[in-house]
Amino acid sequence: MVPAPAALFTPGGLAYVPGMPLDARSPSVFLPTACPHDCPSTCALEVEKFDAHTIGRVRGAEANSYTLGVVCAKVARYKERVHHPGRLTVPLQRVGEKGGGMAAFRPISWDAALDIVAERFQRIAAAHGSEAVWPYYYAGTMGLVQRDGLNRLRHEMRYSREHFTICNMLADAGWRAGHGAKWGADTREMAESDLIVMWGGNPVHTQVNVMTHVARARKSRGAKLFVVDVYKTATCEQADDYLLVRPGTDAALACAMMHVMFREGLADRDYLARYGRDWQDFERHLGTRTPEWAAAITGVPAARIVEFARLYGKARAAFLRLGYGFTRSRNGAASMHAVSALAVVGGKWKAKGGGALYSQSGGYGLDTTLIDGLDVLDKSTRLLDQSRIGPVLTGDKRDLGEGPPVMGIFIQNTNPMSVAPELLKVREGFRRKDLFVCVHEQFLTETAEMADIVLPATTFLEHADLYVSGGHTHLFVTRPVIEPYAEARENHWVVCQLAKRLGCKHPGFAMDAWGLIDATVKASGLPGAYAVAEGRWKDYVRPFEQQHFLGGFGHADGKFHFKPDWSRVGRDHARLPAFPDYCDVIDRAAQERPFRLVTAPARNYLNSSFTETPTSRAKEGRPTILIHPEDCKALGIADGDRVRIGNERASLVIHAKPFAGLQRGVAVVESIWPNRAFEEGIGINALVSADPGLPNGGAAFHDTAIWIVPAEPRPAAAKLESALQA
């Protein structure tokens, strides 16, 4: 049972006790919670509640020292999503063709739906072995109980494991290779920064709270904001200066900057002697990594590289905020390792307001054994790469090995028919008549349309959960704000009901969500779920010296590793450079595919979430590809023209927009649009390869070579034109 909050407040500040009627004097209350979406900010929220089923405004919590009362526009209008008429209301069973929309389903009871799923999984396991069932999820919610509990079922049943590569595997590999631990400088320190470098991220679109801290630093101490990206983003527009590189070449820029820093006495040799391993060999390695060398690779003039290196090298408190974007390439891990080394070469970790941050998520030390079922994990069970769901479902032996094909899949918190690479293979796999699919979702997504059984899911406002963050150091325990919509059920309840039918005995299945949260936080040294929830959050920030690795980096020797043992990070390590360097394994532009495509995040979508809300769709308009004006001129393309873009994997039609804020030969599509938003019903990820990044996998969403040509006339228009001519 989830306990009610002890006291809350109405918009006018009047005290409210649960159970007290909401009269004309207090028509609503604001209740505390946290944002669940796949974003580093994990904002502390306050949600206006009108009654047991209705919300109003959503705002950031001013008392939270990271959120500071700020929340992104798409979450601020969350009532559009939670009260959307398209939300699923009852369990559904498919009676028509896959992909046929709501008309292909009929409603059934929860018991009937769960019985069918359990019975099919039992039959599949009996006929093909337990590894023929693949529980599949990701970060539609970031709450640990509602997201990761599916692992507990997977582990006890010995179903195929999931290699979580689609988001941060490449970035993690590169950061950990050098630092040995996954945390960094506290974002709140930006208030004491002289220079803030935003590298490979666009927080105006994806992490708006960061810009609040940047604004404070600029106002209080005149800090400068410098951005490195592949196109002129909204963050670039707010910056003091920026550099635009070719996709996948960030490591070359970083190495040339460090070459200049060593050459001009801007490297901190005393710091390196204490905290760097193999740094002198690295300095010798950089001898040939000149600005001119990097200019040829990155497209950034050598003089600008020198200018940026001096700006960074001379700044006492230089805060390096590293995004995910520049790592979503086949060489992403090597790029992260190289760029993050800048703060070590410059000794920037010594100063408050300096250092670097990629993610804080490794700093919580939670014991998630009960949630994940780690005590019943069998590592000999097959591990399948989530980013390669297309090849997996179409029987690629590189993924399946000698094991059985995937015959049953249970999906929560993700929409692979929209977000996964190689979408044509994903679609082919889901269309298999012998594949049983169950999807637990809030909306009838394109993945849910391919399911045999669809189960209605709660939103974060309708269940309890436990959250940590990548962008800050707060932990949250949250309670439901409103009752579940219609017959929607939380992920934890559904997993436990399936476990019961399948005969699972793990103690985590006998607890409700609140009990599981309570047991987890107590096992992690906290006083309990209720105490954390009443405090609204728990700050895990370390003392400055620990947060900045001044007691030593995370490796056993306490050093930053300039020459990491990549074999300890992943098995596909042979092509990675020994030292930080540009790793030329990308999908390079060539004569037949002269453009490099980046599928950057759109401001009003978050992966495929919010694509169903009317305001987000209206603000985004339509799928559009940004192309340099000179490239448009060479191709004979004008603003708004339809163009066909493609490669060996697929082609699709999209509208073009001339855009001077990128280099020639680079193209950007802000995504992720549903497939049906495209003229031919196939989305941008059809062009993206499922090849795993080095050394341990990872989706290369920003590493795609394509061709672009003017599109042929629409079929209907062509027929009409022919008829008129006749």
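Residues numbered from 1 in each chain as written. Predicted model: local features only at pLDDT ≥ 70, side-chain atom pairs only at ≥ 80, totals over all residues. Heavy atoms only, no water.

Student: Any chance you could break down the overall build of the chain for me, citing the residues and the numbers?
Tutor: When helices and strands are tallied, the chain shows 27 helices and 29 strands. For the chain, whose C-alpha radius of gyration is 26 Å, the value lies close to the compact-globule estimate of 27 Å for 726 residues. Considered along the principal axes of its C-alpha atoms, the chain spans approximately 80 × 70 × 60 Å. By the burial criterion, 62% of the 726 residues in the chain qualify as buried. On the chain, roughly 26,500 Å² of surface is accessible, and the fraction owed to carbon and sulfur atoms is 51%. Mean positive and mean negative side-chain charge positions of the chain (85 and 79 charges, respectively) differ by 1 Å. (Helix = DSSP H or I, 4+ residues; strand = E, 2+ residues; numbered from the N terminus. Rg over C-alpha atoms; globule rule 2.2 N^0.38 Å. Buried < 20%, exposed > 50% of the residue type's maximum accessible area, 1.4 Å probe, protein only. Areas by Shrake-Rupley, 256 points an atom, 1.4 Å probe, with all protein chains shown as cover. Lys, Arg positive; Asp, Glu negative; His and termini not counted. Charge placed at Lys NZ, Arg CZ, Asp CG, Glu CD.)

Student: Report on the side chain of histidine 337, specifying residues and quantitative values.
Tutor: By the secondary structure assignment, histidine 337 is in helix α15 (residues 332-345). For histidine 337, a relative accessible area of 1% corresponds to the buried category. Only 2.9 Å separates the side chain of histidine 337 from the backbone oxygen of histidine 561, close enough to count as a polar contact. (Polar contact = N/O pair within 3.5 Å; in protein donor to acceptor, adjacent residues only side chain to side chain.)

Student: Could you give me a rundown of the packing of aromatic side chains, with the residues and numbers involved?
Tutor: One pass over the full model with this rule turns up 26 aromatic pairs. When the ring of tyrosine 231 is compared with that of phenylalanine 659, the centres are 6.4 Å apart and the planes differ by 65 degrees; the resulting orientation is edge-to-face. Of the two residues, tyrosine 231 sits in the loop between β11 (224-229) and α9 (234-238) while phenylalanine 659 sits in the loop between β27 (651-658) and β28 (666-669), which places them 428 residues apart along the sequence. For tyrosine 231, a relative accessible area of 3% puts it in the buried group. Residues phenylalanine 560 and phenylalanine 562 carry aromatic rings whose centres are separated by 4.9 Å and whose planes lie at 70 degrees to one another, so their mutual orientation is edge-to-face. You can call phenylalanine 562 buried: its relative accessible area is 0%. (Phe/Tyr/Trp six-rings, centres within 6.5 Å; stacked < 30°, edge-to-face > 60°.)

Student: Provide a residue-level description of the side chain of asparagine 604, including the pertinent values.
Tutor: With respect to the secondary-structure elements, asparagine 604 resides in the loop between β24 (595-598) and α25 (614-620). Looking at asparagine 604, its side chain comes within polar contact range of the side chain of glutamate 620, at 2.8 Å. Here asparagine 604 is in contact with Lys74, Arg77, Phe610, Ser616, Lys619 and Glu620, once residues within four sequence places are set aside. (Contact = heavy atoms within 4.5 Å.)

Student: A description of the pairing of strand β10 (residues 195-199) should follow, citing residues and the corresponding values.
Tutor: Of all the 5 residues making up β10, 5 are buried; the element is thus mostly covered by neighbouring parts of the structure. Burial of the side chains of β10 extends over both faces: Leu195, Val197 and Trp199 are buried on one face and Ile196 and Met198 on the other. Judged from the 5 bridges that link them, β10 and β11 form a sheet pairing that is parallel. Residue pairing across strands places isoleucine 196 opposite leucine 225, the latter belonging to β11. As defined by bridge partners, β10 adjoins strand β14 (residues 318-322) across 5 bridges and the pair is classed as parallel. Along β14, the bridge assignment pairs methionine 198 with arginine 321. (Pairing = 2+ DSSP bridges.)

Student: Describe the packing of helix α5 (residues 150-157) against helix α21 (residues 491-502), naming the residues involved and giving the relevant values.
Tutor: The geometry of α5 relative to α21 is characterised by a closest axis approach of 9 Å and an angle of 20 degrees between their N-to-C directions. Taken together, the axes of α5 and α21 lie roughly parallel to each other. For the crossing formed where α5 meets α21, the hand is left-handed. On α21, the residues touching Leu150, Arg152, Leu153 and Met157 of α5 are His492, Val495, Cys496, Ala499 and Leu502. (Axes fitted to C-alpha atoms, helices over the stretch in contact; angles between N-to-C directions. Parallel < 35°, antiparallel > 145°, perpendicular 65-115°, else oblique. Left-handed = near helix turned anticlockwise from the far one by under 90°.)

Student: Can you explain unusual backbone geometry? Please cite residues and give values.
Tutor: The amide bond that connects serine 671 to the next residue, isoleucine 672, takes the cis arrangement and shows omega of 10 degrees. Looking at the secondary structure, you find isoleucine 672 in the loop between β28 and β29 (704-710). In this structure, the amide linkage connecting leucine 694 to the following residue, proline 695, adopts the cis form with an omega of 0 degrees. Its place among the elements puts proline 695 in the loop between β28 and β29. A positive phi angle, close to 40 degrees, is found at threonine 42, a residue other than glycine. Following the sequence through the fold, threonine 42 ends up in the loop between β3 (29-34) and β4 (44-51). Exposure remark for threonine 42: the relative accessible area of 6% places this residue in the buried category. A positive phi angle, close to 60 degrees, is found at phenylalanine 549, a residue other than glycine. Tracing the chain through its elements places phenylalanine 549 in the loop between α24 (544-547) and β23 (560-561).

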